[in-house]
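Observations on the three-dimensional arrangement
Here is how the chains run, residue by residue.
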Amino acid sequence: LAAAAAAAGVPAVLSCGIWPGASALMAAEAVERLGEPCDEVVLSFHTAGTGGAGPTIVSATFLLLCTEAAVYDDGELVLKEPWIERRVVDFGPGVGEKECYLLDNPDVPTVAEALGVRSASSRFGTAPSFWNNLFGAMKLLPKRLLADRAAMQGLAVFSMPIIRTV
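So, here's what we can say about the structure. Just so you know, these numbers come straight off a predicted model, no measurement behind them.

A few words now on the overall build of the protein. When you go through the protein residue by residue, the secondary structure sums to seven helices and six strands. The helix and strand sequence of the protein, counted from the amino end, reads α-α-β-α-β-β-β-β-α-β-α-α-α. Counting the 166 residues in the protein, one finds 37% classified as buried. Counting only contacts in the protein whose residues sit at least 6 apart along the sequence, the fraction spanning at least 24 positions is 64%. Accessible surface for the protein amounts to roughly 9,500 Å². Of this, 59% is attributable to carbon and sulfur atoms.

Written as structure tokens, this is what we have:
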């Protein structure tokens, strides 16, 4: 798509939410502030429950559980199984250390290519932490079911009262 837009001489702005979208801009700002070359960018996200986004973020996460995560590893694009490579990330005072798992994010190739970093990946986690375990267990479902948008939206809507209670 980028090549087609460039050939047509028109700008193309894609993925303009916080994730993806603004996170790439935040990564660019961080790399610029370093003032020196950066070899790796790891985008890490944490939310409590749905973070106020409702069933949409839950459904999107379900769908991403059957999508390989695009990762740049030493300059090479590699597709990896989602929701692996648990890392504990320190989100600073008020949030603290939280576990995050590999998950696809279109900002990863954008960050790697635009900022010239050799390694880039994206991780996501939620609280309470047992939801992370549930997401991991959901990967046992058939990929055909996990990729069914209507089914995952229905499961997300069904899950909302449980998520809000916890």
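We are not done yet, so read on.
Helix length check: helix α2 (residues 22-34), at 13 residues, gives a terminal C-alpha distance of 19 Å against a target of 18 Å (1.5 Å per residue), a fit within 8%. Buried residues of α2: Ser23, Ala24, Ala27 and Val31, and no others. One face of α2 carries all of its buried residues, which in axial projection span an arc of 100°. Of the exposed residues in α2, those oriented more than 90 degrees away from the buried face are Leu25, Met26, Glu32 and Arg33. The inward-facing, buried residues of α2 abut β1 (40-48) and α4 (107-115). At the exit of α2 stands glycine 35, carrying a positive phi of roughly 75°.

Looking now at the packing of aromatic side chains. Scanning all chains against the criterion turns up five aromatic pairs. Residues phenylalanine 62 and phenylalanine 135 carry aromatic rings whose centres are separated by 5.9 Å and whose planes lie at 70° to one another, so their mutual orientation is edge-to-face. Residue phenylalanine 62 is found in helix α3 (residues 55-64), and its partner phenylalanine 135 is found in helix α5 (residues 130-138); the two are separated by 73 residues along the sequence. The same class applies to phenylalanine 62 as to phenylalanine 135, namely buried. For the ring pair phenylalanine 130 and tryptophan 131, a centre distance of 4.7 Å and an interplane angle of 35° mean the geometry is tilted. Taken together, the ring pairs in this structure connect Phe62, Trp83, Tyr101, Phe124 and Phe135 into an aromatic cluster.

In this section: the packing of α2 against α4. To describe two helices that pack against each other, one gives the angle between their axes and the distance between the axes. At a closest axis distance of 9 Å, the pairing of α2 and α4 adopts a crossing angle of 30°. Considering the angle they form, α2 stands roughly parallel to α4. Regarding α2 and α4, the two cross each other, and that crossing is right-handed. Note on element contacts: α4 touches α2 through Asp107, Thr110, Val111 and Leu115, opposite Ser23, Ala24, Ala27, Ala28 and Val31.

Among the five residues that make up strand β2 (residues 69-73), four are buried, leaving the element largely enclosed by the rest of the structure. In terms of strand pairing, β2 meets strand β3 (residues 76-80) through five bridges, oriented antiparallel. Bridging across to β3, tyrosine 72 finds its partner in leucine 77. Between β2 and β3, which pair antiparallel one after the other, the connecting turn spans two residues, and aspartate 74 there sits at a positive phi close to 50°.

Turning our eyes to something else, we now look at the pairing of strand β4 (residues 87-90). Here four bridges tie β4 to strand β5 (residues 97-102), and the two strands are oriented antiparallel to one another. Paired with valine 89 across the two strands is lysine 98, which belongs to β5. Joining the antiparallel neighbours β4 and β5 is a turn of six residues, in which glycine 92 adopts a positive phi near 90°.

What follows deals with helix α7 (residues 149-165). Compared with an ideal rise of 1.5 Å per residue, which puts 17 residues at 24 Å, α7 spans 25 Å between its outermost C-alpha atoms and is within 8% of the ideal. Every buried residue belonging to α7 is among Met152, Ala156, Ser159, Met160 and Ile163, and all of these are buried. The inward-facing, buried residues of α7 abut α3, α5 and α6 (143-146). Where α7 begins, one side-chain oxygen reaches toward the backbone nitrogen of alanine 150, 3.1 Å away; that side chain belongs to aspartate 148.

The rules behind each value
- Residues numbered from 1 in each chain as written.
- Predicted model: local features only at pLDDT ≥ 70, side-chain atom pairs only at ≥ 80, totals over all residues.
- Heavy atoms only, no water.
- Helix = DSSP H or I, 4+ residues; strand = E, 2+ residues; numbered from the N terminus.
- Buried < 20%, exposed > 50% of the residue type's maximum accessible area, 1.4 Å probe, protein only.
- Contact = heavy atoms within 4.5 Å.
- Areas by Shrake-Rupley, 256 points an atom, 1.4 Å probe, with all protein chains shown as cover.
- Expected span 1.5 Å × (residues − 1).
- Arc of directions from axis to C-beta.
- Phe/Tyr/Trp six-rings, centres within 6.5 Å; stacked < 30°, edge-to-face > 60°.
- Axes fitted to C-alpha atoms, helices over the stretch in contact; angles between N-to-C directions.
- Parallel < 35°, antiparallel > 145°, perpendicular 65-115°, else oblique.
- Left-handed = near helix turned anticlockwise from the far one by under 90°.
- Pairing = 2+ DSSP bridges.
- Polar contact = N/O pair within 3.5 Å; in protein donor to acceptor, adjacent residues only side chain to side chain.

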